[in-house]
Structures are given as C-alpha cells and as structure tokens.
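Survey of secondary and tertiary structure
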Amino acid sequence: MMADNANPNIDEATALPKKKKGVKRRAFLIGGLAVVGGGVFALQYGDYAAGRDALAMTKNGKSGSFTGWLKIGEDDRITVYSPHIDMGTGNGTALAQMVADELDADWDSISVEHAPADNAFANAWLAKGFVKDIAGVSLPGSIASLMSRNMVNQITGGSSAVRFTGQIGMRTLGAAAREALVTEAAERLKVPAGELTTAKGVVTHAKSGRSLRYGELAIAASQRSLSSEPKLKAPKDFVLIGKPVPRFDIPAKVDGSAIYGIDVQLPDMRVAAVMAAPVRGGKLESVDPAPAMAVKGVEKVVQMDNAVAVVAKGYWPALKGLQALSPKFSDGGHAAVSSAAIAAEQDRLVKEAALSVDASGGKLVEAGYRAPYLHHMMMEPFAMTAHRKGDSLEVWGGMQDPLATRKALADAAGLDFDNVTLNTTLLGGGFGRKLPGAGTDVVPQVVKLAMESPWPVKLIWPREEEVKQGTYRPASTIGFKAALGADGKVSAWSAAFAQAAGGESGMKLIYDIPSVEVEHVEHSTNIITAAWRSVEASQHGFFQEAFMDELAHAAGADPLEFRKSHLAAGSRAARVLDAAAKASGWGTPLPAGRGRGIAVVESFGTVCAHVIEASVKEDGSPKVHKVWAAVDCGQVVNSSNAEAQVSGGIVMGLSAAIGEEITIDKGAVVQSSFPDYPIMQMADAPEIFVEFLQSEAPIGGLGEPGLPPAAPALANALFAATGKRIRNMPFRTQALA
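Throughout what follows, the structure given in this document is the object of discussion. (Residues numbered from 1 in each chain as written. Predicted model: local features only at pLDDT ≥ 70, side-chain atom pairs only at ≥ 80, totals over all residues. Heavy atoms only, no water.)

**Thoughts on the overall build of the protein**
Just so we agree on the cut-off: In this text, helices come from DSSP runs of H or I with a minimum length of four residues, and strands from runs of E with a minimum of two, each type numbered from the N-terminal end. Within these notes, the globule rule equals 2.2 Å times the number of residues to the 0.38 power, and the radius of gyration is based on C-alpha atoms. Exposure categories follow from relative accessible area, calculated using a 1.4 Å probe and restricted to protein chains: below 20% of the type maximum is buried, above 50% is exposed, and the middle band is partly exposed. Here, two residues are considered to be in contact whenever any of their heavy atoms come within 4.5 Å of each other. For the accessible areas, the method is Shrake-Rupley and the probe is 1.4 Å, while residue cover comes only from the protein chains on display. Positive: Lys, Arg. Negative: Asp, Glu. His and the chain ends are not part of the count. Note on charges: their place is set at NZ of Lys, CZ of Arg, CG of Asp or CD of Glu.
In terms of helices and strands, the protein carries 19 helices and 28 strands. The C-alpha atoms of the protein give a radius of gyration of 27 Å, which matches the 27 Å a tight globule of 737 residues would have. Counting only C-alpha atoms and orienting by the principal axes, one finds that the protein spans roughly 80 × 70 × 55 Å. Within the protein, the fraction of its 737 residues that count as buried is 55%. Sequence-distant contacts, at least 24 apart, represent 73% of the contacts inside the protein between residues at least 6 apart. Here the protein displays about 30,300 Å² of accessible surface, and carbon together with sulfur accounts for 54% of that area. In the protein, 73 positive and 78 negative side-chain charges are present, and the distance between their average locations comes to 2 Å.

The structure is reproduced here in structure tokens:
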C-alpha cells in the first residue's frame, strides 16, 4: 500500500523512477473524437446551449451580441470579450485589433473585457489550435466546444492567445459579423450587398450616398446566422493588424487605477497570511496559536492539513502574527532530498541510458549540461479574496485559467459549480505559476478560510511563502554524443536527459541530421514542477544550441556557417540567423575581452535567433552589452507590443541564465526572496534590438519564443570571449574570470 506522502512516479521497492507506459497522443485524441462523433445531435445541442448562455450573459436590449464574444451597442460602442487573462502581455489589445480589422470597426469605439468564468465562454478556439498543433487533427467547431467545456478551458499560456484564439476565432468572428451587418444593411437599403462598403463602423452605399451605422444594424444583424468560413482580409488590406496600436491596459496601470487580486477591497474584509510545511509532502503536526493571538488585530489562527494561517484586520497584523508562531511540520519522509542528491541521481540515470553514436570515419564529440529548478518570481504573489454567503461562494482574483479555477474552488468548497462566482482581476505576472492544479494551494486555502468566516477574507501569500512553495521549472541533466563526418557536418546526434514528467521528446531539433535519437528518463522528487515561460524550450534550447556551438568549434567552423550548413537554404531558421548576424556585425572586430555568440530556437510556431555581445566583469560574472534578435512569427499583429514581448523574454532568459537557481536542502527550498533569488536589474539590462522578418508562415506565438535563445547565445558569447565553455546554469556559479 502506498503511503500518503509517497510519490506515485517512484517505485518504492527500488526507489527509482517507474517506467512509463506510453500512450500515443494522436491515437488517444482521434479515438476519443471518434467516440464523441457518435452523438452528433448531442454535440450540436451542447454547442447551441453554450452559445445561448453566452448571449444571455452579454447582450441587453440596446445591443446586438454576436455569439456572446462580440457586442455592438446602439451607441456604436463595441465590446470584445476575451477568454484570456491580462497578465501584462497586451493580448487583449491584439485580439481586439484582429476583430476590429476584419469587422472594419472604428478603433475608438472598441473596448475589451475579460469573458465570464463560465462554461459558455470555454475557449473552443484554443482547443482547435492545440489539437491541430499537437496531433495534426482539424476539429469541427462543436467538438472543440465540447472539449473546451469538459476541460473547463480558459487558459492563458503556451503563447496561444494571438496564434489560436485570435487567428482561428477573433478574425473569423469579426469577418462573419461584418458580413451579417452588410446583409442587414443591403435589405434595409434595398441594394445588392456587393455594392456596399464598410469602414470605421459604417456601411456605405456610394451610388446613393446613403449609409448606416453598425449601431443601427447590430440588434437585427446579430439575429442572423453567422458564416463559419467568412472571407478574411489579405494582409495588404489590413488597417489595424501590424500597427503599433497603444495598449488598452497601460493607462490604468500607470495611474494606479488597475485592480489586481492584491488590490481587492470589500466591506468588513479580513486579511490572512499563511505558512505551509517547508518540505512538500509534509504535514502540520502542532502549533500554539497563543503568540499570534497576542498580536493586536489578529482574530483567528486556522490550522490546515499542511499549513497554518492567521486571520486579522489587516495584512501587517496577519503577517506579524504568522511570524510569531512556531509550527511543527513533518518532512513527509523527504529529508534526504537535496540539490546534490538530485544532480547525482540524474547523472546516474543519464549515464545508464548508454548513448551510442557511430563515429567511425569521423570524430566523436561528447558533452553534458545541467539546468536547475527555476521559480517564476512574478511580481504579484498569490492574492485571492473569498466570501461565503450561505450555500454560495464569491471569489475575486487573477489566475491564468479562470474557468478551471472556478471549478477548483467549487470542488474545494464542496459546492455546485453554479454556486461559485469568480470575479476575474488583472494578474501581476504568472509565467505558468498561476494555473490551478498541483501546488496551487492558494485555492483550497482561501476556500477553507472563507467557509469558516462570516466576513470576506483576502489571503495573501508572503513573498517567502510564494518562493518556497513554488511549482518550478524542472531541474534537468542531459548528455550528448554526436559524430562529425569527414565533410565536417553532424552525421549522428544522440541525447539522453533526466527530468520530471513532461518533455518526453525534449524539444524538436531544427537541424537536418541523418540520425537523431533522444531519450527521456523520468526523475521525480517531492518538488512539484510545472510550466515555466517557454516550457521545455527554456532548458533544451540552451542544451541544444550550446552543444551545437561545441560541434562547430570541434569542426573548426564558424558557428553561424556551421548552423546554416545543417539548414535548408532560405528556411525560416536560416533567414533569422542571417538577419541577426547581419544586424550585429557578425565577424567584425570587437573590443578586447568581448565575444559574440549566436543561437536559434523554434518554439510555439515562431523561429527566433539571437546574437549576444558579452564580456566578463572583474568579479567574474557575465556582462551582457547588446542583444540582436531576429524573429519570424508570421504576421505581426501589434508591432510595438511584439517588440516588447521579445525584449521581455530576452531579459527573463538572461536573468535565469546568469543568476537564478532554486536549490534544495533536506527536502525544502533554500531560497526565500529577491536577496537570495536575484533577478536581473535594470542597470544590468543590455541594449536590445529586435527585427521582425516578413513571412507567410502561420502566426506564431510571441510571449515565450524570445526567451530560449538567450541562454545559449550568452554561453556561446562567453566562450568566444574567454575560451571557457559553460555547461551548467546559472552562469554566475561558473569560473569565468
């Protein structure tokens, strides 16, 4: 029988990772869809019911609602409902641009709101996009809608807002609504629809000089059936897409009126702070509440299965009361887990993978790399407010999947889904951390506090709790073997890596290499891992591109030309490499002590190449002077925001590469806040130059692809400057001076 705190991925008899039983995702998805496909009527009715509910939530007597996602008022005001949370990426503005351009709307009339956290607004466009991306299957709309409702899906992540929700959903919605408005206008004006034009929210009949505003047409037009395949604009006809339209969210964030989860204020509200077992899997054994109760303003100490919380009339008394406690926690049997033990075990697993490469007639090159656990370090820690009213629960907060969060709240409270209301606020950073699921204990915690309180309770995780109770990017160790043929090109590539579940294939290798073998050995501990900005590409981009640079050096070749020799001429990767190299002055002399490094990574449908110019400071730490990025993401939607996203990814990638690391001792996280988990400061940020290449490729993501090339480009630049290879992150721990 498995102990309560046992890891289900570990074989108790051998203490080694269990062998995984593979399930082919394509077969699973297609098989599931075949079963679903039997109930066509049920699918259609479910889709109809969801649309009906969405309409009921968004329309009123003075507006027309198109499928619930788009509302046009008699006053010509247009509201777009976004299924994505605003966490600083500007996705709301980009989605509105895509709707408005196809709709031929007046941009000054557009606004964006978060869609309600309701199944009627489950994101079917996201389901269609991900299934096509992963399995190559094109889902009918009704099946995608069913999947999204069953998965309670309103995820913001995976660089998916623009490339899936926008391209598949919002552009189609805007174009279909415009067609309905034109059809309605043609009937009223008694003219052929082909004689009508649209611009800035007005339908015009040039021959007669007559026109109708969208607001005059919207209610009647919204009653018409919308085309599922309306004609979309060609890029040459775009008016808003591709332009640096100012973001909707910026003014309120600048003047302080924006409301985040931590800003919520309610009458008679209490505030709580929490401390959980420092070792994941540990339990609360005992705590004396008296020291906390002695603090002025403290009203209650709440004991949980693995945590203790203090409820007070404000945050500071709650925190002071929490700090006064001396709770005793168990370690869950994980006291032997440490960073050193994890590294040693991953080394053993990689070594046992027994990589083999045929290097006969050529040259064998071997190298190993390591990446640590990384924390998301979002600026806003978890902050949620909940108020129980009889058999209902109302909650305020920002999470990356409001719909799934609402379900998790209902499950934790033991209430029916319909008895829980989630009011979505802005989100002060997430990067994958604020998805409900394993390790997101704020949800059951705030529910317990609310269910035991007559007042609204806001739970704020102290920064120390937020760092120590994270769900981290997996720690990874990889071993490479590759063969260089007589022609100086890679003839065989073999890799084995050990890390937690997920990333079974690591990351797609973009190079044309005859023989490629990649093996993932699962290695799990009590440390919970989850998505981190750019997911697998963050560590595997570093691994692959740093090793590719080593191969270029072993072949005696220029790193740029060596990469291009393994790419098709004119390919997306070759083009961004050339563009970044040209912009940086690749091959021209540099000041003494400086070096240039190059890297290219494809992720989330976008190909991004960086050239970095770097040196080593007197204290031995890296100094990044300049970064040139060349990006092929297909059509750019908002040019200024696209540049901001790539730049932000570069800074986050450099910060992680240089200084970030979560370490483990006696089963617990050592770090607690910014002093011992340093992130890049403005004074250390480099000059960044971003170029977007014109491309006919499908729209790719931008929230994440700018990050992966940063670490390998920096490592390669430091090698060029010092002759020393960096194979382990963070770089500050390596001897460079």
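**Quick word on the pairing of strand 21 (residues 490–499)**
Inclusion rule: The rule for pairing is simple: two strands pair if DSSP sees at least two bridges between them.
For strand 21, a buried count of 9 out of 10 residues is recorded, marking the element as mostly surrounded by other parts of the structure. Sheet topology note: the strand 20 (residues 476–484)/strand 21 ladder contains 8 bridges and is antiparallel. The partner of Ala-483 across the bridge, within strand 21, is Ala-492. Hairpin connection of strand 20 to strand 21: 5 residues between the antiparallel strands, including Gly-488 at a positive phi of 80°. For strand 21 and strand 22 (residues 515–522), the ladder comprises 8 bridges, and the chain directions are parallel. Opposite Ser-494, over in strand 22, you have Glu-517 as the bridge partner.

**Details of unusual backbone geometry**
Here Met-729 and Pro-730 are connected by a cis peptide whose omega angle stands at 0°. Relative to the helices and strands, Pro-730 is located in the segment after helix 19 (710–722). The phi dihedral of Asp-268 falls on the positive side, at around 60°, and the residue is not glycine. Within the secondary structure layout, Asp-268 lies in the loop between helix 8 (250–255) and strand 10 (270–276). With phi around 85°, Ser-534 is a residue other than glycine that occupies positive phi space. Topologically, Ser-534 is positioned in the loop between strand 22 and helix 15 (536–554).

**Some words on the sheet that holds strand 7 (residues 196–199)**
Rule in force here: Helix axes are fitted only over the stretch in contact, all axes being lines through C-alpha atoms; the angle between N-to-C directions runs from 0 to 180 degrees.
The strand order across the open sheet built from 3 strands is 7-8-9, with neighbouring strands paired in antiparallel fashion. Because the sheet does not close on itself, it has two edges, and the strands there are strand 7 and strand 9 (210–213). When strand polarity is set aside, the average angle formed by the axes of neighbouring strands in this sheet is 25°. Judged from the 4 bridges that link them, strand 7 and strand 8 (residues 202–205) form a sheet pairing that is antiparallel.

**Regarding the packing of aromatic side chains**
Any two aromatic rings considered together are summarised by their centre-to-centre distance and by the angle between their planes. Going by this rule: Aromatic contacts are taken between Phe, Tyr and Trp rings whose centres are within 6.5 Å, Trp giving its six-membered ring; a plane angle under 30 degrees counts as stacked, one over 60 as edge-to-face, and the others as tilted. Placement of a charge over a ring requires the Lys NZ or Arg CZ to be within 6 Å of the ring centre, with the centre-to-atom vector within 35 degrees of the ring normal.
Applying the stated criterion across every chain yields a total of 17 aromatic pairs. Ring centres of Phe-130 and Phe-164 lie 5.0 Å apart, and the angle between their planes is 70°; this geometry places the pair in the edge-to-face category. Here Phe-130 is found in helix 4 (residues 124–135), whereas its partner Phe-164 is found in helix 6 (residues 161–189), with 34 residues between them in sequence. We classify Phe-164 as buried; its relative accessible area is 8%. Over the ring of Phe-417 we find Arg-406, and its NZ or CZ is 3.8 Å from the ring centre. Positioned over the ring face of Trp-532 is Arg-473, at 5.6 Å from the centre of the ring.

**Looking at the side chain of His-375**
By secondary structure assignment, the location of His-375 is in the loop between strand 15 (363–371) and strand 16 (383–389). Excluding its chain neighbours within four sequence positions, the residues that come into contact with His-375 are Glu-466, Val-467, Gly-470, Tyr-472, Trp-532, Glu-660, Ile-662 and Tyr-677.

**Overview of helix 4**
Side chains that are three or four residues apart share a direction in an α-helix, a result of its 3.6 residues per turn. Note the following rule: The length a helix should cover is 1.5 Å for every residue beyond the first.
Given a rise of 1.5 Å per residue, 12 residues ought to cover 16 Å, and the 16 Å separating the end C-alpha atoms of helix 4 matches this to within 8%. Here helix 4 has its buried residues at Ala-124, Trp-125, Leu-126, Ala-127, Gly-129, Val-131 and Ala-135. Downstream of helix 4 by a residue or two, Gly-136 has a phi angle that is positive, lying close to 70°.

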